[in-house]
Amino acid sequence: MNMIKTFLQILLMASIMVPWNVPALDRLDYTGTLSNSSFGPNYPESLVVKGLLQITRGQLQQALTTVDELISIAPNFKLAYLIRGDLLMAKSQQLEGFGNTPQNNSTSVEDFKAEARMRIERYLESHAPQGVPEPLWQIDSSQKYAIVVDADKSRLYLYQNIGGKPTYVADYYVTIGRNGSEKSSEGDKRTPLGVYTASSKLNSKLPDFYGSAAYPLSYPNEWDKQQGKKGHGIWLHGTPSNTYSRPPRASDGCVVISNPDLETLGPILQQGGTPFIIVSQLKWVTQPAPEQPQLQKAVDQWRQDWQSQDTDRYLSHYSSRFFTQTTDINGWSREKRRIQFDKKPVSIVLSNLSMIRYPNSQFPMAVVSFDQEYKSEFLDSRMRKRQYWIYEEQRWKILYEGAA
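Small disclaimer: the values here were computed from a predicted structure and weren't measured.

**Q** Before we move on, could you go through unusual backbone geometry and cite the residues and values that matter?
**A** For residues that are not glycine, phi is negative in most cases, and the peptide bond is trans in most cases. For the peptide bond that leads from Y219 to P220, omega is -5°, which places it in the cis range. Within the fold, P220 resides in the loop between β7 (214–216) and α7 (222–226). The backbone of K189 sits at a positive phi, close to 55°, despite the residue not being glycine. Its place among the elements puts K189 in the loop between β5 (165–177) and β6 (194–198).

Below you can see the structure in the form of structure tokens.
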């Protein structure tokens, strides 16, 4: 019994270090789907957690049976082999540490500890997060799904747009940069924080290292470039064929997910243009942020002032720090005054509006995208436009504007 007790203390306190209690564990159900709808079940992960929790109860033989089942369905799940080795060792001697068998490399063991901690922490929470990720202010009707990555907890959340409301679908364990998040330079091995889109699957054949597929993310975006952030080739991709999952901090900056989970997401990602928000210190909300209706009102007022051809009022919506890919606020103002000099009647209609609060910004900022229909005596155009709005001088103003 002392052997089991020591093993439990090592596993929970020295290795995983999460608070636990029996009622919380008893609420977990491993008999069926642990994630919602056709995007689950994430059965291998449920077996990992089930095995770890059986160990906390001293059910070592049951845990060994669970881990053997896991290995049979995911033979490349390396964490499972580490747990199995410890369980076998516990039968013959008292363990001195998690993964403390002679053949284990200390660095690898620390990685496995971190992975076990991330996975079990998620399942010690409620099954579905309460509320929605705070950045998801509004998703337009053309965007059927949105993805939010919690960089701190190595978790990817999938949300479906149902009647304009982001609705939780499923979540998955992921790996981010080995040096954490907030990418700023080439080769810093960090994952960027911001609002991006995932493009469709790369068609070129990739090395086995990238797994079953790779979906490029739009890093650096317009705001990244304006801040002088460097780097490229940030993807969502899979794992090598001999590896089910990688440690929480192990990539060169990409977001990495197991091949089975990536294949589950494939039908969504293959459409391209999926909003992909990467956040540090993710918060969940049950009520819209008060800034959200204020921003929506500001966007509509900007449209009205533009349509009225009141150039001064129209330009008052732009920040003094405004930029495009080719000009600044001074160049933009000169061009708009030239175009609107005759005040010819125009019609401007906006539709399919989305608003995403920019994560981890030093000041309130949101990315607004919409379909724009512009009609005048000489021009009839339709385009998808993207703007960055910042809150300054007690109001929302446009920081960037360009084609999406």
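**Q** I'd like a rundown of the pattern of salt bridges, residues and numbers included.
**A** A full pass over the atoms with the stated rule returns 25 salt bridges. One salt bridge in this structure joins E45 and R155, with 2.7 Å as the shortest N-O distance. Taken together, the residues E45 in helix α3 (residues 43–56) and R155 in strand β4 (residues 155–162) connect sequence positions 110 residues apart. Considered together, E45 and R155 belong to a single accessibility category, that of buried residues. In this structure, E373 and K375 form a salt bridge, with 3.4 Å as the shortest nitrogen-oxygen distance. In this structure, a network of salt bridges that share partners links the residues E45, E115, R119, R122, R155 and D171.

**Q** A description of the environment of F322 should follow, citing residues and the corresponding values.
**A** Relative to the elements of secondary structure, F322 occurs in strand β13 (residues 318–323). Not counting chain neighbours up to four residues away, the residues in contact with F322 comprise D328, I329, W332, I398, L399, Y400 and E401.

**Q** Could you give an account of α3, naming the residues involved and the relevant values?
**A** Helix length check: α3, at 14 residues, gives a terminal C-alpha distance of 20 Å against a target of 20 Å (1.5 Å per residue), a fit within 8%. Of all 14 residues in α3, 12 are buried; the element is thus mostly enclosed. If you check which residues of α3 are buried, you get P44, E45, S46, L47, V48, V49, G51, L52, L53, Q54, I55 and T56. Where α3 terminates, the next one or two residues include G58, which has phi positive at roughly 80°.

**Q** I'd like a rundown of the nonpolar core, residues and numbers included.
**A** Counting 50 residues, the largest nonpolar core has L156, L236, L269, F276, I278, Y358 and Y388 as its most contacted members. Ignoring any residue separated from it by four or fewer positions in sequence, one finds L236 in contact with L156, A213, A214, Y215, L217, V255, I257, L262, L269 and F276. Of all hydrophobic cores here, the second largest spans 27 residues; its members include I55, L79, V109 and I120.

**Q** Can you break down the packing of aromatic side chains residue by residue, with the values?
**A** What the rule picks out here adds up to 20 aromatic pairs. With 5.3 Å between their ring centres and 40° between their planes, W302 and W306 make a pair best called tilted. In this pair, W302 and W306 both sit in helix α9 (residues 291–307), four residues apart, roughly one turn of the helix. The burial state of W302 is the same as that of W306; both residues are buried. Ring centres 5.6 Å apart and planes at 85° place the aromatic pair Y388 and Y400 in the edge-to-face group. With Y388 in strand β16 (residues 380–392) and Y400 in strand β17 (residues 395–403), this residue pair connects regions lying 12 residues apart in the sequence. The residues Y388 and Y400 share a single accessibility class, namely buried. Members of the aromatic cluster, joined through ring pairs, are W302, W306, Y314, Y318, F322, W332, F370 and Y374. Lying over the aromatic face of F363, R321 brings its terminal NZ or CZ to 4.9 Å of the ring centre.

**Q** Tell me about the pairing of strand β11 (residues 274–279), residues and numbers included.
**A** The two faces of the sheet receive side chains in turn, since in a regular strand these alternate between them. Taking burial as the measure, the six residues of β11 include six buried ones, the bulk of the element. With burial as the criterion, each face of β11 is covered, one bearing T274, F276 and I278 and the other bearing P275, I277 and V279. Pairing analysis gives four bridges linking strand β3 (residues 145–150) to β11, with the strands arranged parallel. By the bridge assignment, V149 is partnered in β11 with I278. Relative to β11, β6 runs antiparallel, the two being bridged by five bridges. Each residue of the ladder has a partner; that of Y196, found in β11, is F276.

**Q** Can you explain the sheet that holds β13? Please cite residues and give values.
**A** Strand pairing in a sheet relies on backbone hydrogen bonds. The paired strands run either parallel or antiparallel. One open sheet holds the six strands; their spatial order is β2-β14-β15-β16-β17-β13, and the pairing between them is mixed. The sheet is open, and its two borders are formed by β2 (136–138) and β13, each paired with just one other strand. With direction set aside, neighbouring strand axes in the sheet form an average angle of 25°. Of the pairings in the sheet, the one linking β13 to β17 comprises two bridges and is parallel in character. Along β17, the bridge assignment pairs F323 with Y400.

Criteria and cut-off values
Residues numbered from 1 in each chain as written. Predicted model: local features only at pLDDT ≥ 70, side-chain atom pairs only at ≥ 80, totals over all residues. Heavy atoms only, no water. Helix = DSSP H or I, 4+ residues; strand = E, 2+ residues; numbered from the N terminus. Salt bridge = Lys/Arg side-chain N within 4 Å of Asp/Glu carboxyl O. Buried < 20%, exposed > 50% of the residue type's maximum accessible area, 1.4 Å probe, protein only. Contact = heavy atoms within 4.5 Å. Expected span 1.5 Å × (residues − 1). Core = buried A, V, L, I, M, F, W, Y, C linked by side-chain atoms within 4.5 Å. Phe/Tyr/Trp six-rings, centres within 6.5 Å; stacked < 30°, edge-to-face > 60°. Lys NZ or Arg CZ within 6 Å of the ring centre and 35° of its normal. Pairing = 2+ DSSP bridges. Axes fitted to C-alpha atoms, helices over the stretch in contact; angles between N-to-C directions.

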